[in-house]
Amino acid sequence: IDKQLARMRNLGNNPAMLNLGDLPATPGHIAQLEEQRRTLQHQQTAQNAAAEMQASAAATNEAAIKAYKKNEFFSSLSEAALADIELLLVPVSPPAGRVLIPAPPTSDGVRVVIEGEVKLSINSSDGRRLSLRIAKAGDVLGLSSTLSGNPYEMTADVLYPAKIAHIERQAF
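Residues numbered from 1 in each chain as written. Predicted model: local features only at pLDDT ≥ 70, side-chain atom pairs only at ≥ 80, totals over all residues. Heavy atoms only, no water.

Novice: Please clarify how the overall build of the protein should be interpreted in this entry.
Specialist: When helices and strands are tallied, the protein shows five helices and eight strands. The helix and strand sequence of the protein, counted from the amino end, reads α-α-α-α-β-β-β-β-β-β-α-β-β. Summarising the internal contacts of the protein: among those between residues at least 6 apart in sequence, 67% fall at separations of at least 24. If you sum the accessible surface of the protein, you get close to 10600 Å²; carbon and sulfur atoms cover 54% of it. (Helix = DSSP H or I, 4+ residues; strand = E, 2+ residues; numbered from the N terminus. Contact = heavy atoms within 4.5 Å. Areas by Shrake-Rupley, 256 points an atom, 1.4 Å probe, with all protein chains shown as cover.)

This is the structure:
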């Protein structure tokens with residue numbers, strides 16, 4: 001397109017001087033080619049921006065996934081064991097308000113908070129819900145229940161849109 005535009009501008013609008021096949025050398029055609037060029041440039045810019053966003057998201061996701069290593073349990077594991085666990089981490093994005101762990105069902109595995117915040121709470125003997133703490137990126141939920149096979153002791157509710165990875169009890 002750029003070559004055609006340059007030739008049209010350099011040679012003028014004399015169709016006899018241009019060899020563009022079936023394309024007429026008119027001001028309308030020049031405008032059409034310029035519009036095509038602008039469209040292609042916009043598409044390329046959008047593709048570049050999307051690729052940059054994907055690369056940035058992948059780097060952020062990788063950094064967030066590795067935040068779990070700060071957890072007391074995981075920090076004591078070997079690099080080989082951590083590499084095996086990282087293969088099992090597949091983040092999902094539950095919406096705010098979703099109950100991740102309803103108490104007291106039997107443990108089905110651990111959840112690793114990759115991004116966002118999760119409210120941990122228990123029900124008191126008189127039926128009130130008591131908030132214990134807010135879990136953040138890197139926190140591991142349900143570890144003791146998964147290791148012991150006992151039911152979950154608390155309920156976990158997503159406060160804001162988050163990324164949570166679940167590792168099945170059998171795989172863990």
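Novice: What exactly am I supposed to notice about the side chain of Thr 146 here?
Specialist: Mapping Thr 146 onto the fold places it in helix α5 (residues 143-148). Thr 146 sits in the buried class, given a relative accessible area of 5%. Not counting residues within four places of it along the chain, the set of residues in contact with Thr 146 comprises Ser 107, Gly 109, Val 110, Arg 169 and Phe 172. (Buried < 20%, exposed > 50% of the residue type's maximum accessible area, 1.4 Å probe, protein only.)

Novice: Where do I start with the sheet that holds strand β6 (residues 140-141) in this structure?
Specialist: Backbone hydrogen bonds are what pair the strands of a sheet, in a parallel or an antiparallel way. What the four strands build is an open sheet, ordered β1-β8-β3-β6; its pairing is antiparallel. Of all strands in the sheet, those with a lone pairing partner are β1 (91-92) and β6, marking the two edges. Note that β1 and strand β8 (residues 163-168) share two bridges and pair antiparallel. Each bridged residue has a counterpart across the sheet, and for Pro 91 the counterpart in β8 is Ala 165. (Pairing = 2+ DSSP bridges.)

Novice: Just checking my understanding: could you explain the pairing of strand β5 (residues 129-135) for this structure?
Specialist: In the case of a regular strand, side chains alternate between the two sheet surfaces. Here six bridges tie strand β4 (residues 118-123) to β5, and the two strands are oriented antiparallel to one another. In the strand pairing of β5, Asn 123 is matched with Arg 129. Hairpin connection from β4 to β5: five residues lie between these consecutive antiparallel strands, with Gly 127 at a positive phi of about 90 degrees.

Novice: Looking at this structure, I do not really get the confidence of the model for the protein. What am I missing?
Specialist: Note that predicted coordinates carrying low pLDDT should not be read in detail. On average, residues of the protein carry a pLDDT of 77, and 74% of them reach 70 or more. When mean pLDDT is compared element by element in the protein, β5 scores highest at 92, while helix α1 (residues 2-11) scores lowest at 63. Contacts from residues 15-22, a stretch scored under 50 in pLDDT, to residues over four places away or in other chains number ten contacts. (pLDDT = per-residue confidence, 0-100.)

Novice: Can you walk me through the environment of Pro 161 in this structure?
Specialist: The residue Pro 161 is located in the loop between β7 (155-158) and β8 in this model. Through-space distance from the C-alpha of Pro 161 to that of Gly 116 is 6.4 Å; in sequence the pair is 45 residues apart.

Novice: Would you mind going over the sheet that holds β4 with me for this structure?
Specialist: Taking strand neighbours across the sheet as the criterion, the four strands line up as β2-β7-β4-β5 in an open arrangement whose pairing is antiparallel. For this open sheet the edge positions go to β2 (99-101) and β5, each flanked by a neighbour on one side alone. Neighbour to neighbour, the strand axes of the sheet diverge by 30 degrees on average, direction disregarded. Bridge analysis of β2 against β7 gives two bridges, and the strand direction is antiparallel. The residue of β7 that forms the bridge with Ile 101 is Ala 156. (Axes fitted to C-alpha atoms, helices over the stretch in contact; angles between N-to-C directions.)

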